[in-house]
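In case you want the letters, here they are:
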2 protein chains.
Amino acid sequence: MANVKQSHQSQVDEIMRQLVAGGRRRTMSRQAVIKVIVDCHGHISADDIATRVQKDFPSMDVSTVYRTLETLRELDIVDRVYFADGSAVYHLRDHQHHHLCCERCGSVQELPVSLMARVEKDLLDDFGFELHQRPLGLFGLCKACR
Amino acid sequence: MANVKQSHQSQVDEIMRQLVAGGRRRTMSRQAVIKVIVDCHGHISADDIATRVQKDFPSMDVSTVYRTLETLRELDIVDRVYFADGSAVYHLRDHQHHHLCCERCGSVQELPVSLMARVEKDLLDDFGFELHQRPLGLFGLCKACR
DNA sequence: ATCTTTGCAAACTTTTTGCACCAAT
DNA sequence: ATTGGTGCAAAAAGTTTGCAAAGAT
């Protein structure tokens, strides 16, 4: 657990480096937002990011969170995806996966993008359509709830 | 084409009947909204519905459109789905299909739900997850743009 | 010193709601 | 005559923007 924390920290540092490499400045706000995203493993909403960051920095405005998220998207560090219920969540770009959301218990399970490999191939073969894989939020019933 | 129009009209009538059967009243506003949805074949946004309806009934308010759509959803006549870009669209419930949206030319192509049959099976077999199919908006490049 | 980033307030988009009036049954 | 539906205005919820002050280089 100590080294998990450490690896999170180094991941934050790495992203800060990318930020600087991209011509942006190192700021505490950005570091705080990045830390929350890295720590959360997976996806998180803008509002949740703001709430968590504001525990440490109460003066931080939501607009700063949104602006930071936009910057991180411009640098291809995070992606924004919309679930099938219309809610937007953000995640690290290298953390690509789909989500299975249980409509009954609300649990969210991650699964690899390879799930759609077959669909991707079918689309190309049958329709000539080149799928750009994006994380999907799929809904249904989880194992436990069936 | 004459009988296409006719079948649209009879489809509108049928939905109005379902509405009454569901304990709601027949109103011009509702008829107008239903007509637009039936005529559009496929999916359409609330705002587009409002714009089209207002060509015939300029006094119709967006709130009425939203309320009508909510009523139609309660009666399982229409579904609301969110595309991967976060936009919401409405479609007749019996008109189930996925969408391929080209990121370059903006074209939208429909394709049958059977596309996901394999995925549905894999999810059940590998994860015990029972997928509830909802229309997906998938993004990529269409045949012409590749 | 310069140019970027931030906080604040305000605007914007999409959807929902309260209320008095109107319409369908 | 009732009860439900509509228009209007206003409110939410989520996201974006203009601007002057604060901060990073």
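All values derive from a computational prediction rather than experimental measurement. (Residues numbered from 1 in each chain as written. Chains lettered and ligands numbered in written order. Predicted model: local features only at pLDDT ≥ 70, side-chain atom pairs only at ≥ 80, totals over all residues. Heavy atoms only, no water.)

Undergrad: Could you clarify how one ought to interpret the overall build of chain A in this entry?
TA: Check the secondary structure of chain A and you find five helices and six strands. Moving toward the C terminus, one meets the helices and strands of chain A in the order α-α-α-α-β-β-β-β-α-β-β. Oriented by its inertia axes, the alpha-carbon framework of chain A measures out at about 50 × 35 × 30 Å. The proportion of buried residues among the 146 residues of chain A is 40%. For chain A, restricting intrachain contacts to residue pairs at least 6 apart in sequence, the fraction spanning at least 24 positions comes to 46%. Counting every atom, chain A has about 8,000 Å² of accessible surface; 48% of that belongs to carbon and sulfur. If you average the places of the 19 positive and of the 20 negative side-chain charges in chain A, the two averages end up 5 Å apart. (Helix = DSSP H or I, 4+ residues; strand = E, 2+ residues; numbered from the N terminus. Buried < 20%, exposed > 50% of the residue type's maximum accessible area, 1.4 Å probe, protein only. Contact = heavy atoms within 4.5 Å. Areas by Shrake-Rupley, 256 points an atom, 1.4 Å probe, with all protein chains shown as cover. Lys, Arg positive; Asp, Glu negative; His and termini not counted. Charge placed at Lys NZ, Arg CZ, Asp CG, Glu CD.)

Undergrad: Sorry if this is basic, but what is going on with the packing of helix α2 (residues 28-40) of chain B against helix α4 (residues 62-74) of chain B here?
TA: The description of two helices packed together rests on the angle between their axes and the distance between the axes. All names here are of chain B. Contact geometry for α2 and α4: axes closest at 10 Å, N-to-C directions at 75°. On the basis of the axis angle, α2 is roughly perpendicular to α4. Touching Ser 29, Arg 30, Val 33, Ile 34 and Ile 37 of α2 are Thr 64, Val 65, Thr 68, Leu 69, Thr 71 and Leu 72, all from α4. (Axes fitted to C-alpha atoms, helices over the stretch in contact; angles between N-to-C directions. Parallel < 35°, antiparallel > 145°, perpendicular 65-115°, else oblique.)

Undergrad: It is not clear to me how the protein's contact with DNA strand D should be interpreted in this structure. Could you clarify?
TA: For DNA strand D, the set of nearby residues contains 18 residues, the closest of which are Arg 25 and Tyr 66 of chain A together with Arg 25, Arg 30 and Thr 64 of chain B. Residue Arg 26 of chain A places a main-chain N or O atom 3.3 Å away from a phosphate oxygen belonging to DNA strand D. One nitrogen or oxygen atom from the side chain of Ser 29 of chain B is found 3.2 Å from a phosphate oxygen belonging to DNA strand D. The residue inventory of the surface near DNA strand D, partitioned by class, reads three nonpolar, six polar and nine charged. (Near = heavy atom within 4 Å. Polar contact = N/O pair within 3.5 Å; in protein donor to acceptor, adjacent residues only side chain to side chain. Nonpolar A, V, L, I, M, F, W, Y, C, P; charged D, E, K, R; others polar.)

Undergrad: I keep staring at the environment of Ile 77 of chain B and nothing clicks. Help me out?
TA: Residues and elements named next belong to chain B. Mapped onto the elements of the fold, Ile 77 is located in the loop between α4 and β1 (78-82). Taking the C-alpha atoms as reference points, Ile 77 and Arg 52, separated by 25 residues in sequence, lie 20 Å from one another. The residues contacting Ile 77, other than those within four sequence positions of it, are Ile 15, Gln 18, Leu 72, His 91, Leu 92 and Arg 93.

Undergrad: What is the right way to read the relation of the copies chain B and chain A from this model?
TA: Mapping between the two chain copies consists of a rotation about an axis together with a translation along that axis. With an axial shift of 0.0 Å and an RMSD of 0.2 Å, the rotation relating chain B to chain A amounts to 180°. Taken together, the turn and the small shift mark the pair as related by a two-fold rotation axis. Across chain B, the smallest distance between a C-alpha and the rotation axis is recorded for Gly 86 of chain B, namely 2.7 Å. When the interface residues of chain B are mapped onto chain A, 100% of them again lie at the interface, so the same face is used by both copies. (Least-squares fit on C-alpha atoms with pLDDT ≥ 70 in both.)

Undergrad: Would you mind showing me how to read the sheet that holds strand β3 (residues 98-102) of chain B here?
TA: To summarise the sheet geometry, strands pair through backbone hydrogen bonds and adopt either a parallel or an antiparallel arrangement. What the four strands build is an open sheet, ordered β5(A)-β6(B)-β3(B)-β4(B); its pairing is mixed. Two strands close off the open sheet at either side, each with one partner strand: β5 (130-131) of chain A together with β4 (108-111) of chain B. Bridge count for β3 of chain B against strand β6 (residues 137-141) of chain B is four bridges, and the pairing is parallel. Across the sheet, Cys 102 of chain B pairs through a bridge with Gly 140 of chain B, a residue of β6 of chain B. (Pairing = 2+ DSSP bridges.)

Undergrad: When you look at the protein's contact with DNA strand C in this model, what are you seeing that I'm missing?
TA: For DNA strand C, the set of nearby residues contains 18 residues, the closest of which are Thr 27, Arg 30, Thr 64 and Arg 67 of chain A together with Tyr 66 of chain B. If you look at DNA strand C and keep only atoms within 4 Å of the protein, 70% of those are sugar or phosphate atoms. Within the contact set of DNA strand C, a base oxygen lies 3.0 Å away from a side-chain nitrogen or oxygen of Arg 25 of chain A. Residue Ser 63 of chain A places a side-chain N or O atom 3.5 Å away from a base nitrogen belonging to DNA strand C. Of all the secondary-structure elements, those providing two or more residues to the surface near DNA strand C are α2 (28-40) and α4 (62-74) of chain A together with α4 of chain B. For the surface near DNA strand C, the per-class residue count stands at three nonpolar, six polar and nine charged.

Undergrad: Sorry if this is basic, but what is going on with the domain arrangement of chain A here?
TA: The accessible area lost on association of the parts is a frequent measure of interface size. Residue and element names in this part refer to chain A. What the domain assignment reports for chain A is domain 1 (2-92) and domain 2 (97-140). Its C-alpha centre places domain 1 at a distance of 24 Å from the equivalent point of domain 2. Interface of domain 1 and domain 2: buried area, both sides summed, is about 600 Å²; carbon and sulfur atoms make up 74% of it. Counting the contacts that link domain 1 with domain 2 gives zero salt bridges. Linking domain 1 with domain 2 are zero residue pairs in polar contact (both at pLDDT 80 or more). Taken together, the residues of the side of domain 1 that touches domain 2 break down into three nonpolar, four polar and one charged. (Domains from an automatic or database assignment. Buried area = accessible area lost by both parts, 1.4 Å probe. Salt bridge = Lys/Arg side-chain N within 4 Å of Asp/Glu carboxyl O.)

Undergrad: Is there a simple way to explain the sheet that holds strand β5 (residues 130-131) of chain B in this structure?
TA: Pairing is mixed in the open sheet, where four strands are placed in the order β4(A)-β3(A)-β6(A)-β5(B). A single partner strand is all that each edge strand has here, and the edge strands are β4 (108-111) of chain A together with β5 of chain B. Inspection of the sheet shows strand β6 (residues 137-141) of chain A paired to β5 of chain B by two bridges, in the antiparallel sense. Looking at β5 of chain B, one finds that Gly 140 of chain A is bridged to Leu 131 of chain B.

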